[in-house]
Amino acid sequence: MNGKKKSLSASNSTRWLACQPSVLLERTMPYETQIESEYMAEGTLAHEMAELKLRYMNGETTKVEYLEAIKKVKSHEFYSSEINMHTDAYVEFVMEELNVAKAADKYAKLIIEAEINTGDYVPDSNWIADAIILSDGVCRIIDLKYGKGTYVAAEGNSQLKLYALATLETFGQEFYIDTFELTIFQPRIGTEAIRTVKTEMAAVKAWGEVIVRDAAKKAQAGAGELTAGTHCKNCRVAHKCPALSAISKKAMTEEIKTAVDFLSNEEVLDRYHALPVVAIWSAAVKKHVFNEALNGTKWDGLKMIGSNGKRKIADPVALETALEAAGYAEMEYLNVNLKGIGDISNLMSKDLFAEIVEPHIGKTDSRPKLVGDHVEGEDWIEPSAGDDFKNI
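Participant: For this particular structure, what's the right way to read the packing of helix H3 (residues 38-57) against helix H4 (residues 63-74)?
Facilitator: Packed helices, taken two at a time, are described by the angle between their axes plus the distance between the axes. It is at 10 Å that the axes of H3 and H4 come closest, and there the two elements cross at 170°. Viewed along their axes, H3 and H4 adopt a mutual orientation that is roughly antiparallel. Touching Leu45, Glu48, Met49, Leu52, Lys53 and Tyr56 of H3 are Lys63, Tyr66, Ala69, Ile70, Val73 and Lys74, all from H4. Here the contact of H3 with H4 is composed, by residue class, of eight nonpolar, no polar and four charged.

Here's what the structure looks like:
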């Protein structure tokens, strides 16, 4: 996997398309070594495993090479059966899409970890797409998102549209492309794991001409206006951005009406929509102050202290031995729980799973979740009082 980030990366395009000056401003910040979290490590490992499986299924590696590489992935400390299960589903989807493409065009082909660029719109752009299926007429671009904390929409996704522009420029001479099918494959997000939008080649090129080219030029020159919004998340200059600060302060300091003159629904909604931006600014300021304190800065009214460590069992094996020697039974000090559905599904075939396990699988009650109206999903219906007693 190529982990190198470009100044105008496709994955950060939501930000630089909206706020061009942020690109050069970030370069003024001291370099921060990013500590890879468990979630990031899982994502990297999932992409690595998905690539290995796809290359094997696509005939690019031998079985021996594949098994050796997979063995290394499975030895990683963050490997889990869940990663294996979700990457299997991803590979199955990609190969099904390839078969559909080949049914219409026998010369259709799959490019894994495709190196693409769109220098005509974004100079020095060198991006890598997870999977691109090329065929005459239709190009399918599939982006694997392993995270489950943030829903990634396919509709209006600038990363996917930039990949489409870059694919046109990179492979447009080899394949005539009229339509793009842009897919987000996010297996851990819930019921809407696969989200696909179709867009015409002409629409993609028009977007590149009208929006992308000018934004990229401004971003690389440090021109344009600072613009605050939810795209500010993970921006390294968010804590000192005047545009973000202004929106946040306005949302926090606007006159609060008294009980005599309550806020209208429109006013409440305005403040609700401002909350994500305020949260980004607040988190950025907090992180900056903390990091500076770690580096020795003295802040008036603040001090750095050490938190009390949590108690933990230093040597579980030794403790088990001690408890057993003291006469305690295993059931008194060990927890034995049924494994999750994913782990159990890896024990057997799909048919056997359907026969043995599925009859015992249910769903928890649906709970309401307030989201933007662009998010896919069925409207929540509150259960009636009678539903609470239907199984009694």
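Participant: Teacher, can you tell me more about a nonpolar patch on the surface here?
Facilitator: Taken together, the side chains of Leu269, Tyr272, Leu275 and Leu370 make up a nonpolar region of the molecular surface, amounting to roughly 430 Å² of accessible area. Positionally, Tyr272 belongs in helix H9 (residues 265-294). Residue class for Tyr272 comes out partly exposed when judged on its relative accessible area of 38%.

Participant: I would appreciate a short explanation of the pattern of salt bridges in the present structure.
Facilitator: Note that side chains of opposite charge can pair when their charged atoms are close. Enumeration over the complete set of coordinates arrives at 15 salt bridges. Taking the shortest distance from any N to any O, the salt bridge between Glu82 and Arg188 comes out at 3.6 Å. Note that Glu82 is positioned in helix H5 (residues 81-104) and Arg188 in the loop between strand S4 (177-185) and strand S5 (194-200), a separation of 106 residues in sequence. The shortest N-O distance in the salt bridge between Arg140 and Glu97 comes to 3.3 Å.

Participant: Sorry if this is basic, but what is going on with the pairing of strand S1 (residues 109-116) here?
Facilitator: Strand residues, when the strand is regular, have side chains that alternate between the two faces of the sheet. In terms of residue burial, S1 counts as a mostly covered element, since six of its eight residues are buried. Taken together, the seven bridges between S1 and strand S2 (residues 127-134) define a ladder with antiparallel strand orientation. Note on S2: the bridge partner recorded for Lys109 is Leu134.

Participant: Looking at this structure, I do not really get the packing of helix H6 (residues 158-171) against helix H7 (residues 201-221). What am I missing?
Facilitator: Two numbers describe how H6 lies on H7: the axes approach to 10 Å, and their chain directions differ by 105°. Taken together, H6 and H7 sit at an angle that is classed as roughly perpendicular. Facing Ser158, Lys161, Leu162, Ala164, Leu165 and Leu168 of H6, the residues of H7 in contact are Met201, Val204, Lys205, Trp207, Gly208 and Val212. Looking at the contact of H6 with H7, its residues break down into eight nonpolar, two polar and two charged.

Participant: What exactly am I supposed to notice about the sheet that holds S1 here?
Facilitator: Where strands meet in a sheet, backbone hydrogen bonds hold them as pairs that are either parallel or antiparallel. Taking strand neighbours across the sheet as the criterion, the five strands line up as S1-S2-S3-S4-S5 in an open arrangement whose pairing is mixed. Every other strand in the sheet has two partners, leaving S1 and S5 as the edge strands with one partner each. Adjacent strand axes in the sheet meet at a mean angle of 25° when their direction is disregarded. Where S2 and strand S3 (residues 137-144) come together, four bridges link them in antiparallel fashion. Note on S3: the bridge partner recorded for Ile133 is Arg140. Along the sheet face, H3 touches S1, S2 and S3 and points at about 140° away from the line of S1. Sheet contacts for H7: S4 and S5; angle to S5, the most-contacted strand, approximately 85°.

Participant: Mind showing me how you'd approach the side chain of Arg140 here?
Facilitator: Tracing the sequence through the fold places Arg140 in strand S3. Within polar-contact distance, the side chain of Arg140 engages the side chain of Glu97 at 3.3 Å. The contacts of Arg140, once residues within four sequence positions are left out, are Glu97, Val100, Ala101, Ala131, Ile132, Ile133, Ser135 and Glu181.

Participant: Where do I start with the pairing of S2 in this structure?
Facilitator: Most of S2 sits inside the fold, with seven of its eight residues counted as buried. Hairpin connection of S2 to S3: two residues between the antiparallel strands.

Participant: Even after reading the chapter, I still don't get the environment of Lys233, so can you show me in this structure?
Facilitator: With respect to the element layout, Lys233 can be found in the loop between H7 and helix H8 (242-253). Taking C-alpha positions, Lys233 is 8.4 Å from Val277, a pair spaced 44 residues apart along the chain. If sequence neighbours within four positions are ignored, Lys233 has contacts with Arg15, Thr150 and Ile280.

Participant: Please clarify how the packing of aromatic side chains should be interpreted in this entry.
Facilitator: Describing an aromatic ring pair means giving the distance of the ring centres and the angle of the ring planes. Within this structure, the stated rule accounts for four aromatic pairs. Seen in terms of ring centroids, Phe93 and Phe185 are 5.7 Å apart; in terms of plane orientation they differ by 35°. Their pairing is tilted. Remark: Phe185 occurs in strand S4 and Phe93 occurs in helix H5; sequence separation between them is 92 residues. Accessibility assignment for this pair places Phe93 and Phe185 in one class, buried. By the ring-pair criterion, three or more aromatic residues cluster together here, those being Tyr90, Phe93 and Phe185.

Participant: Help me understand the layout of surface pockets, please; the structure alone is not making it clear to me.
Facilitator: One simple way to see leftover space: roll a probe sized like a water molecule over the atoms. By volume, the second largest pocket is sized at about 800 Å³. Met85, His86, Ile341, Gly342 and Ser345 are, among the 26 residues lining the second largest pocket, the residues nearest its centre. Every element with two or more residues in the lining of the second largest pocket is listed here: H5, helix H12 (341-345) and helix H13 (350-356). In terms of residue count, H5 provides more of the lining of the second largest pocket than any other element does, seven residues in total. Tallied by class, the residues present in the lining of the second largest pocket amount to eight nonpolar, eleven polar and seven charged.

Participant: Sorry if this is basic, but what is going on with unusual backbone geometry here?
Facilitator: The general pattern is negative phi for most residues beyond glycine and trans for most peptide bonds. Even without glycine at this site, Glu113 takes up a positive phi of about 50°. With respect to the secondary-structure elements, Glu113 resides in strand S1. With relative accessibility at 13%, the residue Glu113 sits in the buried group. Unusually for a residue other than glycine, Asp124 sits at a positive phi of about 60°.

The rules behind the values
Residues numbered from 1 in each chain as written. Predicted model: local features only at pLDDT ≥ 70, side-chain atom pairs only at ≥ 80, totals over all residues. Heavy atoms only, no water. Axes fitted to C-alpha atoms, helices over the stretch in contact; angles between N-to-C directions. Helix = DSSP H or I, 4+ residues; strand = E, 2+ residues; numbered from the N terminus. Parallel < 35°, antiparallel > 145°, perpendicular 65-115°, else oblique. Contact = heavy atoms within 4.5 Å. Nonpolar A, V, L, I, M, F, W, Y, C, P; charged D, E, K, R; others polar. Patch = residues over 30% accessible without salt bridge, like charges linked within 9 Å, V, L, I, M, F, W, Y side chains within 5 Å. Areas by Shrake-Rupley, 256 points an atom, 1.4 Å probe, with all protein chains shown as cover. Salt bridge = Lys/Arg side-chain N within 4 Å of Asp/Glu carboxyl O. Buried < 20%, exposed > 50% of the residue type's maximum accessible area, 1.4 Å probe, protein only. Pairing = 2+ DSSP bridges. Polar contact = N/O pair within 3.5 Å; in protein donor to acceptor, adjacent residues only side chain to side chain. Phe/Tyr/Trp six-rings, centres within 6.5 Å; stacked < 30°, edge-to-face > 60°. 1 Å grid on protein atoms, 1.4 Å probe; cavity = no way out; pocket = protein on both sides within 12 Å on 5 of 7 lines; lining within 4 Å. Points joined across faces, edges and corners; volume = space filled by probe spheres on them.

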